[in-house]
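# Coordinates in review
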Amino acid sequence: MCGIIGYVGRELCIPKIIHGLQSLEYRGYDSAGIAYISKGKIKTIKEKGKIINLEKLLNFDEEAYLGIGHTRWATHGVANKINAHPHSVGKFTIVHNGIIENYNELKEELINKGYNFKSETDTEIACAKIDEIYKQEKDILKTLSKATKVFRGSYALGIICIDEPNSLYAIRNTSPLIVAKSNEGNFIASDVPAILKFTNKYFLLDDLEIAKITMDKVTFYNQDLIPIDKNINTFEGSVEVALKNGYEHFMLKEINEQDKVFKDTINYYFDGTIDSLKKNFKFLDKYKKIDIVACGSAYHTGCVGKYLIENYGNIPVNVEVASEYRYKKCFYDKDTLVIVVSQSGETADTLAALKKAKNDKIDTLAIVNVIGSSIARIADKVIYIKAGCEIAVATTKAYLAQLAIFSLISIYLGYKSKEIKDEELYKIFKEIKQMPKLIKNTINNYESYFAIADKIYKNKQIFFIGRGIDYATSLEASLKLKEISYINSVAYQAGELKHGTISLIEKNTPVIAIATDKNLFEKTISNIKEVKARGAYVILISNEVIKEQLCDEFIKIDDVHPILESILTIIPLQLLAYKVAKNNKCDIDKPRNLAKSVTVE
Ligand code: M6R
């Protein structure tokens, strides 16, 4: 999604803004632009495509000490130079992340007052509205206060005005924005990686707050212009987190971090005793129903979570995609817990689903990676995964950490419901300790998965099949493959194939079958035989020892308790997707049309 950076200080702003934009590239974008004040004038330069195209148009030594930059992921209007940000109207120039929902209404009103527009964006309308209010108020803070009362929708705005060439302003509602402080000057940004090279001290701007930023000072106001004090945060990770550490791609680096991520996430909530689980998850005792709501891969962890919670906790779980849930009739009540899952904590649909549950006074829990993100701040209760900064658009380590949380929840609920007896409980505890090593070993077998990828990467479609929890894993494996390799891939419940989809199987069609659930193993094997008989090229991934010649390729994973197994199962499939995409020369960390954080509906 769009990225914002702004700087005012003692040093030249253009190099800082370009660096900030590069650090936000992982969010996805299709044009970039910058506006800065030089010799008393606002200059705006923007270009379609990658930041490198913009860089070619800039003089990095230009005497400019205040500026704003933007990477745009097209929503209103195609990706072109005119629609790229910043947008200027009258005395103001702004960059914007989010959607001004009432922009059509505002546009009509502004056209009647003599404004005309060059772009198709809601941002230009917002800028004109700010300019129009300023003509009456003649004060920027009063103008922005009024604007926050007029704009509907989600926005993070970075604002400069030619009447105050030494000040940068920011307002936000729903879309994320931080304000950062350094000795050489101060920043605004959509996310921490954009400012890490310069400072690790930052404030989180909350909904409907206004920030005024000058070279030496940052001041915050609420919507009614009452000054507010804010706590400063320190980002503990180093700049290294934003670097690849020698790996060719962030995705590969992040896959390789998964043993540590598992350990960090588990250790935060579990010290090897049932008491630690009781302390952290006792709050779940009162719920008789659970709704899990999320998008994309986070939704897939919810599918695994549903299977585990129902099986071990004996609690019915409804898992839904957030973009559907937010608009549907929900049958929750005081006995229901709504769990939202999100790596970024900013996904617009998940946030809206959370707000809906909150409005209906339903208890909410968020499983989130990004500390202080919008979802984390709104939910009644938060469980942070400890995945660290995830840069690759295709999630891997955050997915695995979310699974780790669902494992802990299921162990606790299984203990409570007595589905898990003492002996089994201690066996699971022992296996949890071994998991980082087993995760590392699974990653270290990458060459065997890469060899399979080399055989199938030219295919136009690849199927995944599985039953029960293995079907949930198939969904994620299929998404991973298609989002980074652009190969059409579908995941099916293995038993459902014969009801239609099997007609697509022809000679050498790759079918990746997952069979780790011992109760369903024989059933899945029968389905494998069905596709094999129709010429499929079968890749089987299982924790069982296979005696007969069932498949063309076999990936053996370690046999652990079902509560932990899907954590191991996904790893070869992440690496397989990675290598298929690499062989196809795809942009692995930034797949086309995708954004890391989907902050629009
Ligand atoms: O930040 P979130 O976890 O809320 O993001 C949800 C999805 O947009 C995300 O998982 C997406 O599907 C990824 N590209 C998957 O790799």
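Residues numbered from 1 in each chain as written. Predicted model: local features only at pLDDT ≥ 70, side-chain atom pairs only at ≥ 80, totals over all residues. Heavy atoms only, no water.

To continue, consider the overall build of the chain. When helices and strands are counted, the chain shows 18 helices and 25 strands. A compact globule built from 601 residues should have a C-alpha radius of gyration of about 25 Å, and the chain, at 25 Å, falls within 12% of that. Judged by the C-alpha coordinates and their principal axes, the chain covers about 80 × 50 × 45 Å. When burial is assessed residue by residue, the chain has 59% of its 601 residues classed as buried. Counting contacts in the chain only where the partners sit at least 6 residues apart, residues at least 24 apart contribute 71% of the total. A total accessible area of about 23900 Å² is found for the chain, and carbon and sulfur atoms account for 49% of it. (Helix = DSSP H or I, 4+ residues; strand = E, 2+ residues; numbered from the N terminus. Rg over C-alpha atoms; globule rule 2.2 N^0.38 Å. Buried < 20%, exposed > 50% of the residue type's maximum accessible area, 1.4 Å probe, protein only. Contact = heavy atoms within 4.5 Å. Areas by Shrake-Rupley, 256 points an atom, 1.4 Å probe, with all protein chains shown as cover.)

We now examine the site of the ligand. In the region of the ligand, 15 residues are neighbours, and Ser-342, Gln-343, Ser-344, Thr-347 and Glu-483 sit closest. Separating an oxygen atom of the ligand from a side-chain N or O atom of Ser-342 is a distance of 2.6 Å. Here an oxygen atom of the ligand sits 2.9 Å away from a polar atom, N or O, in the main chain of Thr-395. Look at the ligand: alone it shows 410 Å² of surface, and the protein chains cover 91% of it. Elements that contribute at least two residues to the shell around the ligand include exactly helix 9 (296–313) and helix 16 (469–485). Residues belonging to the shell around the ligand are distributed by class as follows: six nonpolar, seven polar and two charged. (Near = heavy atom within 4 Å. Polar contact = N/O pair within 3.5 Å; in protein donor to acceptor, adjacent residues only side chain to side chain. Nonpolar A, V, L, I, M, F, W, Y, C, P; charged D, E, K, R; others polar.)

A full pass over the atoms with the stated rule returns 42 salt bridges. One salt bridge connects Lys-230 with Asp-206, and the closest N-O pair in it is separated by 3.2 Å. Taken together, the positions of Lys-230 in the loop between strand 14 (227–228) and strand 15 (233–234) and Asp-206 in the loop between strand 11 (201–204) and strand 12 (209–213) put the pair 24 residues apart, joining distant regions of the chain. Classification of Asp-206 by relative accessible area gives partly exposed; the value is 27%. (Salt bridge = Lys/Arg side-chain N within 4 Å of Asp/Glu carboxyl O.)

Using the criterion set out here, one finds twelve aromatic pairs in the structure. Of the aromatic side chains, those joined through ring pairs into one cluster are Tyr-7, Phe-187 and Phe-198. Looking at Lys-16, its charged tip hangs above the ring of Tyr-7, at a distance of 5.3 Å from the centre. In this arrangement the basic side chain of Lys-381 is found over the ring face of Phe-283, its NZ or CZ atom lying 4.8 Å from the centre. (Phe/Tyr/Trp six-rings, centres within 6.5 Å; stacked < 30°, edge-to-face > 60°. Lys NZ or Arg CZ within 6 Å of the ring centre and 35° of its normal.)

Here we take up the sheet that holds strand 18 (residues 336–342). Read from one edge of the open sheet, five strands run 17-16-18-19-20, paired in parallel fashion. Edge positions in the sheet fall to strand 17 (317–321) and strand 20 (381–384), since each of these pairs with one other strand and no more. In this sheet, adjacent strand axes meet at a mean angle of 20° when their direction is disregarded. Where strand 19 (residues 363–368) and strand 20 come together, four bridges link them in parallel fashion. From the neighbouring strand, Val-368 faces strand 20, where its bridge partner is Tyr-384. Across the face of the sheet, helix 9 comes into contact with strand 16 (289–294), strand 17 and strand 18 while running at roughly 170° to strand 17. With respect to the sheet, helix 11 (residues 348–359) is in contact with strand 16, strand 18 and strand 19, its orientation differing from that of strand 18 by roughly 160°. (Pairing = 2+ DSSP bridges. Axes fitted to C-alpha atoms, helices over the stretch in contact; angles between N-to-C directions.)

Turning next to the pairing of strand 1 (residues 3–9). A large share of strand 1 lies buried, amounting to seven of its seven residues. Taking every second residue as pointing to the same face, both faces of strand 1 are buried, with Gly-3, Ile-5, Tyr-7 and Gly-9 on one and Ile-4, Gly-6 and Val-8 on the other. Alignment of strand 1 against strand 4 (residues 66–72), held across six bridges, turns out to be antiparallel. Residue pairing in the sheet places Ile-5 in a bridge with Gly-69 of strand 4.

On to the environment of Lys-135. Mapped onto the elements, Lys-135 comes out in helix 4 (residues 122–137). Residue classification places Lys-135 among the exposed positions, given a relative accessible area of 52%. Between the C-alpha atom of Lys-135 and that of Lys-480, which follows or precedes it by 345 residues, the distance is 51 Å. At 3.0 Å, the side chain of Lys-135 and the side chain of Tyr-115 are in polar contact.

What follows concerns helix 18 (residues 562–583). The end-to-end C-alpha distance of helix 18 is 33 Å, a good match for the 32 Å that 22 residues give at a rise of 1.5 Å each. Of all 22 residues in helix 18, 20 are buried; the element is thus mostly enclosed. Downstream of helix 18 by a residue or two, Lys-585 has a phi angle that is positive, lying close to 55°. (Expected span 1.5 Å × (residues − 1).)

This part covers the side chain of Glu-476. Considering the arrangement of structural elements, one finds Glu-476 in helix 16. Overall, Glu-476 belongs to the buried group, its relative accessible area being 0%. When near neighbours in sequence (up to four residues on either side) are disregarded, Glu-476 contacts Ser-297, His-300, Thr-395, Tyr-399 and Ile-570.

Within the open sheet, the five strands sit side by side as 22-21-23-24-25. Their pairing is parallel. Each end of this open sheet is capped by a strand with a single partner; those strands are strand 22 (488–493) and strand 25 (553–556). Sheet twist, expressed as the mean angle between neighbouring strand axes with direction ignored, is 15°. Of the strand pairs in this sheet, strand 21 (residues 461–466) and strand 23 (residues 510–515) are connected by three bridges, and their pairing is parallel. If you follow Ile-465 over to strand 23, its bridge partner there is Ala-513. Contacting strand 21, strand 23, strand 24 (537–542) and strand 25, helix 18 crosses the sheet at an angle of about 160° to strand 23.

Domain annotation for the chain reports domain 1 (3–243) and domain 2 (250–583). Between the C-alpha centres of domain 1 and domain 2 there is a distance of 37 Å. If you look at the interface, domain 1 gives twelve residues, while domain 2 gives eleven residues. The contact between domain 1 and domain 2 buries some 990 Å² in all, and 54% of this surface belongs to carbon and sulfur atoms. Note that Arg-377 is salt-bridged to Asp-206, the shortest N-O span being 1.9 Å. The interface formed by domain 1 and domain 2 holds four residue pairs in polar contact (both at pLDDT 80 or more) in total. (Domains from an automatic or database assignment. Buried area = accessible area lost by both parts, 1.4 Å probe.)

Mapped onto the secondary structure, Thr-524 falls in helix 17 (residues 521–533). When sequence neighbours within four positions are dropped, the list of residues in contact with Thr-524 reads Arg-467, Ala-494, Ile-514 and Ala-515.

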